[in-house]
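# Geometric and topological summary
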Amino acid sequence: MNTKLDSYRIFNEAARTLSFSKAAKNLYVTQSAISQSITALEKNLDTVLFIRHAKGVSLTKEGSLLYEKTRLALAMIDQAENDLINLKELRGGDFVIGAPDTICANYLIPYLVRFREAYPLVHIRVINSTSLETIKRLKEGQLDLAFMNLPIREEGIVTVPCLNIHDIFVSSTPDDHVYSYEEIAHKKLIMLERQSNSRLYVDRVFAKKGIHLSPEMELGAHALLLDFAKNGLGVSCVIQEFSKELLDAHEIYPLKLKTPIPARSIGYAYMNRPLSSAALQFIALL
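Since the structure is predicted, the reported quantities are computational estimates derived from the model, not experimental observations.

## Details of the overall build of the chain
The helix and strand tally for the chain stands at 11 helices and 14 strands. For a compact globule of 286 residues, the expected C-alpha radius of gyration is about 19 Å, and the chain comes in at 31 Å, more than 25% above that figure. Classification of the 286 residues of the chain by burial places 42% in the buried group. For the chain, the proportion of contacts with a sequence separation of at least 24, taken over those separated by at least 6, is 71%. Put simply, the chain shows about 16,100 Å² of open surface, and 53% of that area lies on carbon and sulfur atoms. In the chain, the 33 positive side-chain charges and the 32 negative ones have mean positions that sit 7 Å from each other.

Have a look at this one:
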């Protein structure tokens, strides 16, 4: 079956009004165009759809059945078209972001607030998970954008850095000693769990020096790293930019390193395909 959608729209209007002339007026075409389209549709379907009268038309049994089905189908198509327009113009729809807790709490919230203020009809969903879980969700098409610690190297994923960050070691007391990587490795270390991108990055930096880090504690949240260090439970590896409040209040103190850990970035990632209007507008806020 290769009947054009326009033919069904014409049929639907003629069936609704039971008048070829009214259908022509409503669709801004000639009555002859309506009649020709209906005749072609009947020929294509090998079915009589209308009984022609001197003052109009009426539907056959087959015509009534087709009208009931096409009316619903065309209504769904119209709704889908309107939904697409709303999505494009950000008058509705969902916008799904994936990000670890640390990035949500310390970076994303102000941008989420601004986006909500600009596009209040868009439903924002934020899914918290580790970097590895976020990458998996992104590949499965569950996310519009993913925010995570960079670098990541995954086929088909585009990454864009947003903010440079620095990994540092902190404790509850001031310390003027300048530490080597070997000395740091012998401290009572508190670090993130191994599956986090932040932990993997620091591990790799030390591994390049031939040093394996074996922390006494592994935690699932950056905020816990700060709390544990503040309370004297050990030396935590934290992100300097996300620890500013406690550093400025002198509740924790950075340890000096002979060779600072190289800066890295947090940023957003997406699959290598066209982005939604919501994603493009959110990126513009960044």
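## So, the side chain of Thr70
Assignment of secondary structure puts Thr70 in helix H4 (residues 61-88). Residue classification places Thr70 among the buried residues on the basis of a relative accessible area of 9%. Once residues lying within four places of it in the same chain are set aside, the contact partners of Thr70 are Tyr8, Phe11 and Asn12.

## What to know about the environment of Tyr8
Residue placement: Tyr8 occurs in helix H1 (residues 5-17). Note: C-alpha distance between Tyr8 and Tyr67 (59 residues apart in sequence) is 8.9 Å.

## Here's the deal with the layout of surface pockets
Rolling a probe over the atoms, with the probe sized like a water molecule, indicates the empty space that remains. Within this model, the largest pocket holds a volume of roughly 250 Å³. Listed by contribution, the elements that provide at least two residues to the lining of the largest pocket are helix H5 (101-118) and helix H8 (197-207). Considering only residue class, the lining of the largest pocket consists of 5 nonpolar, 11 polar and 2 charged. In this model, the second largest pocket occupies a volume close to 180 Å³. Considering the residues around the second largest pocket, the lining is formed by Pro151, Arg153, Tyr181, Tyr201, Arg204, Val205, Lys208, Lys209, Thr259, Pro260 and Pro262. Counting residues per element, the lining of the second largest pocket draws most heavily on H8, which supplies 3 residues. For the lining of the second largest pocket, a count of residues per class yields 6 nonpolar, 1 polar and 4 charged.

## Here we look at H1
Its 13 residues place the ends of H1 19 Å apart at the C-alpha level, agreeing with the 18 Å of an ideal helix rising 1.5 Å per residue. Within the span of H1, buried status applies to Ser7, Tyr8, Ile10, Phe11, Asn12, Glu13, Ala14, Ala15 and Thr17. Directly after H1, the chain includes Leu18, whose backbone phi takes a positive value near 50°.

## Remarks on the packing of aromatic side chains
A full pass over the atoms with the stated rule returns 12 aromatic pairs. Note on Tyr181 and Phe206: the rings are 4.4 Å apart at their centroids and 25° apart in plane angle, and the pair reads as stacked. Of this pair, Tyr181 sits in helix H7 (residues 181-185) while Phe206 is found in helix H8, placing the two residues 25 residues apart along the sequence. Phe206 shares its class with Tyr181; the two are buried. An aromatic cluster is built from Phe95, Phe115, Tyr119, Phe147, Tyr268, Tyr270 and Phe282, whose rings are joined through pairwise contacts.

## A word on the nonpolar core
One finds Phe95, Tyr107, Leu108, Leu145, Phe147 and Phe282 to be the most contacted residues of the largest nonpolar core, which totals 25 residues. Elements that contribute at least two residues to this core include exactly strand E3 (94-99), H5, strand E5 (145-150), strand E14 (264-271) and helix H11 (277-285). Counting residues per element, this core draws most heavily on H5, at 7 residues. Not counting the four nearest positions on each side in its chain, Phe95 is found in contact with Phe115, Val122, His123, Ile124, Arg125, Asp144, Leu145, Ala278, Ala279 and Phe282.

What counts, and at which threshold
- Residues numbered from 1 in each chain as written.
- Predicted model: local features only at pLDDT ≥ 70, side-chain atom pairs only at ≥ 80, totals over all residues.
- Heavy atoms only, no water.
- Helix = DSSP H or I, 4+ residues; strand = E, 2+ residues; numbered from the N terminus.
- Rg over C-alpha atoms; globule rule 2.2 N^0.38 Å.
- Buried < 20%, exposed > 50% of the residue type's maximum accessible area, 1.4 Å probe, protein only.
- Contact = heavy atoms within 4.5 Å.
- Areas by Shrake-Rupley, 256 points an atom, 1.4 Å probe, with all protein chains shown as cover.
- Lys, Arg positive; Asp, Glu negative; His and termini not counted.
- Charge placed at Lys NZ, Arg CZ, Asp CG, Glu CD.
- 1 Å grid on protein atoms, 1.4 Å probe; cavity = no way out; pocket = protein on both sides within 12 Å on 5 of 7 lines; lining within 4 Å.
- Points joined across faces, edges and corners; volume = space filled by probe spheres on them.
- Nonpolar A, V, L, I, M, F, W, Y, C, P; charged D, E, K, R; others polar.
- Expected span 1.5 Å × (residues − 1).
- Phe/Tyr/Trp six-rings, centres within 6.5 Å; stacked < 30°, edge-to-face > 60°.
- Core = buried A, V, L, I, M, F, W, Y, C linked by side-chain atoms within 4.5 Å.

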